[in-house]
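What follows is each chain in one-letter form.
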Amino acid sequence: MARPGFRLAVCATLLALVVVLLGAYTRLTHAGLGCPDWPGCYGFISVPKTDAQLAHAELHFPEHPVEAAKGWAEMVHRYFAGTLALVIALLAWQALRRHARDGQPYRLPLLLLGVVLAQAAFGMWTVTLKLWPQVVTAHLLGGFTTLSLLFLLSLRLSRAFAPLPKLPLSLRRIAALALLVVIGQIALGGWVSANYAAVACIDLPTCHGQWWPAADFSNGFHLTQHVGPNYLGGQLDSDARTAIHISHRLGALAVTAVLLLLSFKLHRHGLPGLGRLVLLALGVQLSLGVSNVLLHLPLAVAVAHNAGGALLLLSMVLVNYRIRVVDKVRVGLGWRLRPITPVGISHHMRNDSWRRF
């Protein structure tokens, strides 16, 4: 039976996925500054529509004419993000009330609350700093972090999986490496999106018809860009954007190599279901990435590529959760010991004959 809060955690996970996809839609439709202020929109709780509201917007934001479609894309994203924050706050409150119960996690919900508060700050800075790429990328990573932590909380509350026997250390290390390279690739993808480099190369497997085209990596990854200009549409030249795009492709190759190895290891150690899941998530994401390039970034495919990245990350969270070594089961508020031989001859046992259970 699942622990209390499981259903709410699952709902929060699904809501977080929606928020991530709405954020991707907002970026891809160039609606990140659809509302030039925060948390409202031109000083209102929704997009201005009456003559008086439009006049107010024109007076106070003369450099940002109202575009209703972009404004609603941004505000819908904010509405869902605000709802998610309230749900996470409820999870944290429930966790504090129930933390004395055996096995009921409470640190993870509190961590989630801290992450979502930081996300609110990054959401504000995304607008006030006019889509500064560093903040946009950090905001995207924060969204994926929120999603993966909620998924982990759902797994911990589900009680759906029995502990596995001890697995080789090499498998656990490969799984941890796979999680890290997927996170790194998501960060690269965020940097691609924040700098509008997704169509810097429109051919495959070459770029501009060359295996190694002109690329400016120093400017492409110049992380100390000054704050000030409006970064909508990007500020980098073609060579810098090409460098970012190529880096993302190389990252995809690294992810593919590590995940293929992980899938092989999972099959080898009796976990074929997890191995197939890894292959499926990887195959879908690679297909979407190739489609983005060949079809020149259609909106539906680009949003789906963000969803594929999220599902790939969640599959890595699931794999690492499942193969963790659980050799201690808590009983009550402490640990109980029992002999593995009859009590009457316990004085003949070795020191390692007592085990926790």
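Residues numbered from 1 in each chain as written. Predicted model: local features only at pLDDT ≥ 70, side-chain atom pairs only at ≥ 80, totals over all residues. Heavy atoms only, no water.

Quick notes on the pattern of salt bridges
To keep things clear, this is the line we draw: We define a salt bridge as a contact between a side-chain nitrogen of Lys or Arg and a carboxyl oxygen of Asp or Glu at a distance within 4 Å. Numbering goes from the N terminus for both helices and strands, where a helix is a DSSP run of H or I of at least four residues and a strand is a run of E of at least two.
Going through the model one piece at a time under the given rule, you end up with 2 salt bridges. For glutamate 74, the salt bridge identified is with arginine 78, shortest N-O distance 2.9 Å. With glutamate 74 and arginine 78 both in helix α3 (residues 68–98), this residue pair falls 4 residues apart, about one helical turn.

Observations regarding the UniProt feature "transmembrane region" (unreviewed entry) in the chain
For clarity, the cut-off: UniProt positions are given in the numbering used here, feature names are shortened, and annotations may be inferred rather than shown by experiment.
Feature annotation in UniProt places "transmembrane region" (unreviewed entry) on residues 79–96, 108–125, 131–153, 174–194, 246–264, 276–297 and 303–321, given in this structure's numbering. Helix and strand shares over residues 174–194 are 100% and 0% respectively, and the end C-alpha atoms of the span are 30 Å apart.

Here's the deal with the state of the cysteines
Under the convention used in this document: Disulfide assignment relies on a single distance test, namely cysteine sulfur atoms paired within 2.5 Å. For every residue, the accessible area (1.4 Å probe, protein chains only) is compared with the maximum for its type, and the residue is labelled buried under 20%, exposed over 50%, or partly exposed between those bounds.
All chains considered together, the criterion is met by 2 disulfides. The side chain of cysteine 35 participates in a disulfide bridge whose partner is cysteine 41; the two sulfur atoms lie 2.1 Å from each other. Here the disulfide of cysteine 35 and cysteine 41 is left-handed, its torsion about the S-S bond being about -80°. Among the residues examined, cysteine 35 registers a relative accessible area of 0% and is labelled buried. Exposure remark for cysteine 41: the relative accessible area of 0% places this residue in the buried category.

Some details on the nonpolar core
Definition in use: The criterion is simple. A nonpolar core is a set of buried Ala, Val, Leu, Ile, Met, Phe, Trp, Tyr and Cys residues joined through side-chain atoms within 4.5 Å. Contact criterion: two residues are considered in contact whenever any of their non-hydrogen atoms come within 4.5 Å of each other.
Of all hydrophobic cores here, the largest spans 51 residues; its most connected members are Leu84, Leu150, Val182, Leu259, Leu262 and Leu266. Not counting the four nearest positions on each side in its chain, valine 182 is found in contact with Val255, Leu259, Leu312, Leu313 and Met316.

Focus on the packing of aromatic side chains
What counts is decided by this rule: Aromatic pairs are defined between Phe, Tyr and Trp rings, using the six-membered ring for Trp, whenever the two ring centres lie within 6.5 Å; interplanar angles under 30 degrees are classed as stacked, those over 60 as edge-to-face, and all others as tilted.
Overall, the coordinates contain 4 aromatic pairs when judged by the stated rule. For the pair tyrosine 42 and phenylalanine 61, a centre-to-centre distance of 5.4 Å together with 90° between the ring planes defines the contact as edge-to-face. Of this pair, tyrosine 42 sits in the loop between α1 (6–28) and α2 (51–60) while phenylalanine 61 sits in the loop between α2 and α3, and the two are 19 residues apart along the sequence. Look at tyrosine 42 and you get buried, because its relative accessible area is 1%. The interplanar angle of 15° and the centroid separation of 6.0 Å between the aromatic rings of tryptophan 212 and phenylalanine 217 together place this pair among those described as stacked.

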